[in-house]
Amino acid sequence: MAWNADLYKEKHAFVFNYGNSVVEWLQPKTGESILDLGCGTGELTAQIAESGAKVKGIDASASMIASAKSHYPSIDFEVADGTTFSLNQTFDAVFSNATLHWIRQKEKVLDRIWHHLKPGGKLVLEMGGKGNVDDITGALSKAMEEKGYEFKPFWYFPSPGEYTSLLEEYDFRVNQLSYFDRETELADPENGIVEWLQMFGAYYLEAIPEAERLPILKAAQESLRATNFRDGKWYTKYVRLRVKAEKIADAQ
Ligand code: BEZ
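The following paragraphs examine the structure supplied in this document. Since the model is a prediction, treat every value here as computed from it, not as a measurement.

About the cut-offs
- Residues numbered from 1 in each chain as written.
- Predicted model: local features only at pLDDT ≥ 70, side-chain atom pairs only at ≥ 80, totals over all residues.
- Heavy atoms only, no water.
- Helix = DSSP H or I, 4+ residues; strand = E, 2+ residues; numbered from the N terminus.
- Rg over C-alpha atoms; globule rule 2.2 N^0.38 Å.
- Buried < 20%, exposed > 50% of the residue type's maximum accessible area, 1.4 Å probe, protein only.
- Contact = heavy atoms within 4.5 Å.
- Areas by Shrake-Rupley, 256 points an atom, 1.4 Å probe, with all protein chains shown as cover.
- Core = buried A, V, L, I, M, F, W, Y, C linked by side-chain atoms within 4.5 Å.
- Phe/Tyr/Trp six-rings, centres within 6.5 Å; stacked < 30°, edge-to-face > 60°.
- Lys NZ or Arg CZ within 6 Å of the ring centre and 35° of its normal.
- Pairing = 2+ DSSP bridges.
- Near = heavy atom within 4 Å.
- Polar contact = N/O pair within 3.5 Å; in protein donor to acceptor, adjacent residues only side chain to side chain.
- Lys, Arg positive; Asp, Glu negative; His and termini not counted.
- Salt bridge = Lys/Arg side-chain N within 4 Å of Asp/Glu carboxyl O.

Scanning the chain for helices and strands turns up 11 helices and eight strands. Whereas a compact globule of 252 residues would reach a radius of gyration of roughly 18 Å, the chain reaches 19 Å, a difference of no more than 12%. Seen through its principal axes, the chain has C-alpha atoms that stretch 55 × 40 × 35 Å. Of all 252 residues assigned to the chain, the portion counted as buried reaches 53%. The contacts of the chain with a sequence gap of at least 6 include a subset with a gap of at least 24, amounting to 76%. Surface accessibility of the chain: about 11600 Å² in total, with carbon and sulfur atoms responsible for 48%.

And the structure:
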């Protein structure tokens, strides 16, 4: 997916603002080496660096990495794909906020993380969990299907049980897990749902001819007005899955 880093930074700051509390689970310390996987425009990477940890940020989007480098020139950032990255070091911890639901090859990314952690190293992540933005995807699928377009789910939003099993398969021990709803105010007070889908839903929009996109997005938005719009603001139901795990020290 092609990201517009400036638009993301300007209008969707809630993504990294909410990430502050994920950094609290990480508890970074001076001297630790930490990899921020899916660092986006680098705000949380910079916050982690303030602890004195030596942090590296990677992201598959060149535009996100260019923005991160220009705002935080003293931090090491690199364009790298979550399913294939191969860095010449291992880390005390891997951190990831709001990224892993974009990576459908979930096994590959866990394999890469595992190989980049020292024995006993920590993995702290937050991603969308089962039920995340179901209101928006439900409304969009209905609006698409009414116009004859097939809606195919794209994001990976696992349940706590499913993700714990996957982590265990990859020799991680889950130490802490939280699964919770987070009602989230959308950036655009007029067209919150339309704008959110234009920012994040490129995969779905590709299935619709350009001239028909806006009417379908507006139909989806209108079907949510009674439930998701109040006091002049649009909301959606984010569901978060937050996990702290460790690489089992003697796993091979
Ligand atoms: C999320 O952070 O949960 C999310 C953001 C954009 C698209 C899908 C999920």
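Having seen the model, we can carry on.
This next bit is on the nonpolar core. One finds L140, M144, W155 and W196 to be the most contacted residues of the largest nonpolar core, which totals 27 residues. Looking at this core, the elements that each hand over two or more residues are α7 (134-146), α9 (192-200), α10 (202-205), α11 (210-228) and β8 (233-247). In terms of residue count, α9 provides more of this core than any other element does, six residues in total. In contact with W196, other than residues within four places in its own chain, are V133, I136, W155, L186, G201 and Y238. Counting 26 residues, the second-largest nonpolar core is a separate cluster that includes L87, F91, M127 and Y163.

The next subject is the packing of aromatic side chains. In the structure shown here, the tally under the stated rule is 14 aromatic pairs. Considering the side-chain rings of W155 and F157, the 5.9 Å spacing of their centres and the 35° angle between planes classify their relative orientation as tilted. Each member of the pair, W155 as well as F157, is classed as buried. Consider the rings of W196 and Y238, whose centres lie 6.5 Å apart with planes at 80°: the pair is edge-to-face. Taken together, the residues W196 in helix α9 and Y238 in strand β8 connect sequence positions 42 residues apart. A single burial state applies to W196 and to Y238, both of which are buried. Site record: aromatic cluster; members linked through ring pairs are W102, F151, F154, W155, F157, W196, F200, Y203, Y204 and Y238. Sitting over the ring of Y156, K106 keeps its end group 5.2 Å from the ring centre. One Lys or Arg, R225, reaches over the ring of F229 and ends 5.0 Å from the middle of that ring.

Turning our attention to the pairing of strand β3 (residues 76-79). As judged from the four bridges shared by strand β2 (residues 54-59) and β3, these two strands associate in the parallel manner. Opposite K56, over in β3, you have D76 as the bridge partner.

Close to the ligand lie H101, W102, N132, W155, F157, W196, F200, Y238 and R240. N132 is positioned such that a nitrogen or oxygen atom in its side chain is 2.7 Å from an oxygen atom of the ligand. Interatomic distance of 2.7 Å between a side-chain N/O atom of R240 and an oxygen atom of the ligand. Contact with the protein chains covers 97% of the free accessible surface of the ligand, which is 260 Å².

All right, on to the side chain of K247 then. Mapping K247 onto the fold places it in strand β8. At 8.8 Å, D171 is the nearest oppositely charged side chain to K247, a buried residue that forms no salt bridge. A distance of 2.9 Å separates a polar side-chain atom of K247 from the backbone oxygen of W114. A polar contact of 2.9 Å, which involves the side chain of K247, links it to the backbone oxygen of L117. Leave out the neighbours within four places in its chain, and K247 touches W114, L117, K118, P119, G120, G121, D171 and F172.

Mapped onto the elements, Y170 comes out in the loop between α8 (160-169) and β6 (172-185). Y170 sits in the partly exposed class, given a relative accessible area of 21%. Through-space distance from the C-alpha of Y170 to that of I48 is 26 Å; in sequence the pair is 122 residues apart. Each residue touching Y170, except ones within four places of it in the same chain, is listed here: E107, L110, D111 and W114.

The values are spatial; any link to function lies outside them.
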